[in-house]
Amino acid sequence: MENAVPVHAGIIMDGNGRWAQRRGLVRTQGHLEGLKAAKRITKAASDLGIRYLTLYAFSTENWKRTSEEVGFIMGLIRQYLKSEFDFSRRNRIRVRYAGDFEGLPTDIQKEITETIAQTADYNGMQVILAINYGGRDEIIRAFRRLTTARSCESQFTSLKENDITEFLDNPDVPDPDLIIRSAGEYRTSNFLLWEGAYSELYVSQKLWPDWDKEDLEAAIADFSGRQRRFGGVLEGKNG
Ligand code: IPE
Ligand code: IPE
Ligand code: MG
C-alpha cells in the first residue's frame, strides 16, 4: 500500500439529472436524491477518517441552467443548511465554504455564515461546501485580494506560488490528495484548478444519487494503490 486514506478528498457530485431522466422523472428529482447521497457520503467520509471533504455542489457555470432548476437547487441548499446543524454536532463536523460568496442569494449567505460560526469549534472532519465555485474564479479573486492587500504593483515581477496560495478561499486546507467524479465524465469542470495540480483522479461510472459508502471505499482502495511522484522519481524505481 502506497497511501492510506486521503487527508483531503474532493468530490464532483455529477449525474443527478441523468439519474432522474433514466427513471422518467424530472431533473429536480435527481437533485433531491443527490442531496441524500451527499449526506450519506459525508457521514461515510467522516467514519473512514478523511480529514477534509470538499463537495462541489454548484459551479459558477451552473447558472446557465433554467431558472426552475437553479431555483430548485438553491432551495435544496437552503434546506440542507437549515437541517445540517444537528448532523454536524453529532459528528463534530466543521462546515466551511469555497466560492463566490457575494454571488449567492443573501438568505443563503446568512445560513452559510451561521453554519460556519456554529461549527467553528468542532474538531472532526471539515466539510468545505463549494457553492457558486469555479477554479478560475477563485484564482481571479485571489489576485484581487492580493492586490488589495499589497499596494506596490511591482510585486508581480517577483510573484511566487505562495503569494497566490495565501489568498485562495481556504489557504490553511491542504491540497486535495484525491478528486472523485461520479457519472463517468473525464473532466474537472473548473473544480479546484490550483489546488488539484497533483491530485489523484478517480472517475466512477455510477451516478451520484446511487453513491453509497462502498463506492467511497472503492475510491479510497484505488487511491491507496497509487504511486504519487509529484514530478520526482521514486527511489529504486524507473531503473
Ligand atoms: C450534478 O448533476 C449536480 C449539479 C451540477 C448541480 P447534474 O445536474 O449535472 O446531472 P447530469 O450531469 O445532468 O446527469
Ligand atoms: C460539475 O458538473 C459541477 C458540479 C458537480 C457542481 P457539471 O454537470 O456542471 O459539469 P459539465 O457541464 O458536465 O462539465
Ligand atoms: Mg452534470
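Residues numbered from 1 in each chain as written. Chains lettered and ligands numbered in written order. Predicted model: local features only at pLDDT ≥ 70, side-chain atom pairs only at ≥ 80, totals over all residues. Heavy atoms only, no water.

S.K.: Any chance you could explain the overall build of the protein here in plain terms?
M.R.: A count of helical and extended segments in the protein gives seven helices and six strands. The secondary structure elements of the protein, listed N-terminal to C-terminal, are β-α-α-β-α-β-α-β-α-α-β-β-α. In terms of overall dimensions, the protein is globule-like: its C-alpha atoms have a radius of gyration of 18 Å, near the 18 Å expected for 239 residues. Seen through its principal axes, the protein has C-alpha atoms that stretch 55 × 50 × 35 Å. Counting only residues that meet the buried cut, the protein has 49% of its 239 residues in that class. Pairs at least 24 apart in sequence give 76% of the contacts found in the protein among residues at least 6 apart. Split by element, the accessible area of the protein, about 12,300 Å² in all, is 50% carbon and sulfur. The protein carries 33 positive and 35 negative side-chain charges, and their two centres are separated by 3 Å. (Helix = DSSP H or I, 4+ residues; strand = E, 2+ residues; numbered from the N terminus. Rg over C-alpha atoms; globule rule 2.2 N^0.38 Å. Buried < 20%, exposed > 50% of the residue type's maximum accessible area, 1.4 Å probe, protein only. Contact = heavy atoms within 4.5 Å. Areas by Shrake-Rupley, 256 points an atom, 1.4 Å probe, with all protein chains shown as cover. Lys, Arg positive; Asp, Glu negative; His and termini not counted. Charge placed at Lys NZ, Arg CZ, Asp CG, Glu CD.)

S.K.: Is there a simple way to think about the site of ligand 1 in this case?
M.R.: Of all residues adjacent to ligand 1, which total 13 residues, the nearest are D14, G17, R18, R27 and R65. Within the backbone of N16, an N or O atom sits 3.1 Å from an oxygen atom of ligand 1. At a separation of 2.9 Å, an oxygen atom of ligand 1 approaches a polar backbone atom of G17. When ligand 1 is considered free in solution it has 380 Å² of accessible area, and contact with the protein chains removes 86% of it. Looking at the shell around ligand 1, the elements that each hand over two or more residues are helix 1 (16–22), helix 2 (27–48) and helix 3 (67–91). It is helix 1 that provides the largest number of residues to the shell around ligand 1, a total of three residues. Residue composition of the shell around ligand 1, grouped by class: three nonpolar, five polar and five charged. (Near = heavy atom within 4 Å. Polar contact = N/O pair within 3.5 Å; in protein donor to acceptor, adjacent residues only side chain to side chain. Nonpolar A, V, L, I, M, F, W, Y, C, P; charged D, E, K, R; others polar.)

S.K.: Can you help me understand the sheet that holds strand 3 (residues 94–98) in this one?
M.R.: Consider a sheet: its strands pair through backbone hydrogen bonds, and that pairing is either parallel or antiparallel. Pairing is parallel in the open sheet, where six strands are placed in the order 3-4-2-1-5-6. Taken across any chain shown, the strands that pair with only one partner, and hence form the sheet edges, are strand 3 and strand 6 (200–203). With strand direction ignored, the average angle separating the axes of adjacent strands in the sheet is 20 degrees. Two elements, strand 5 (residues 178–181) and strand 6, share four bridges in a ladder whose sense is parallel. (Pairing = 2+ DSSP bridges. Axes fitted to C-alpha atoms, helices over the stretch in contact; angles between N-to-C directions.)

S.K.: Looking at this model, I keep getting lost on helix 7 (residues 213–224). Mind explaining?
M.R.: Given 3.6 residues to a turn, an α-helix orients residues that are three or four positions apart in the same direction. Taking 1.5 Å of rise per residue, the 12 residues of helix 7 would be expected to cover 16 Å, and the 16 Å separating its terminal C-alpha atoms lies within 8% of that figure. Among the structural elements, helix 2, strand 5 and strand 6 are those in contact with the buried residues of helix 7. (Expected span 1.5 Å × (residues − 1).)

S.K.: Help me out: how do you make sense of the pattern of salt bridges in this one?
M.R.: It is possible for side chains bearing opposite charge to pair when their charged atoms get close. Summed over all chains, the structure comprises 24 salt bridges. The shortest N-O distance in the salt bridge between E69 and R65 comes to 2.8 Å. Of the charged contacts, one joins D177 and R228 as a salt bridge, the two residues approaching to 3.0 Å between their closest N and O atoms. Residue D177 is located in the loop between helix 6 (161–165) and strand 5, and its partner R228 is located in the segment after helix 7; the two are separated by 51 residues in the primary sequence. (Salt bridge = Lys/Arg side-chain N within 4 Å of Asp/Glu carboxyl O.)

S.K.: Help me out: how do you make sense of unusual backbone geometry in this one?
M.R.: Located in the positive-phi region is N132, a residue other than glycine, with phi close to 55 degrees. Structurally, the position occupied by N132 is in strand 4 (residues 126–133). The buried category is assigned to N132, whose relative accessible area is 4%. Even without glycine at this site, N190 takes up a positive phi of about 70 degrees. Secondary-structure assignment places N190 in the loop between strand 5 and strand 6. The class of N190 is buried, set by a relative accessible area of 13%.

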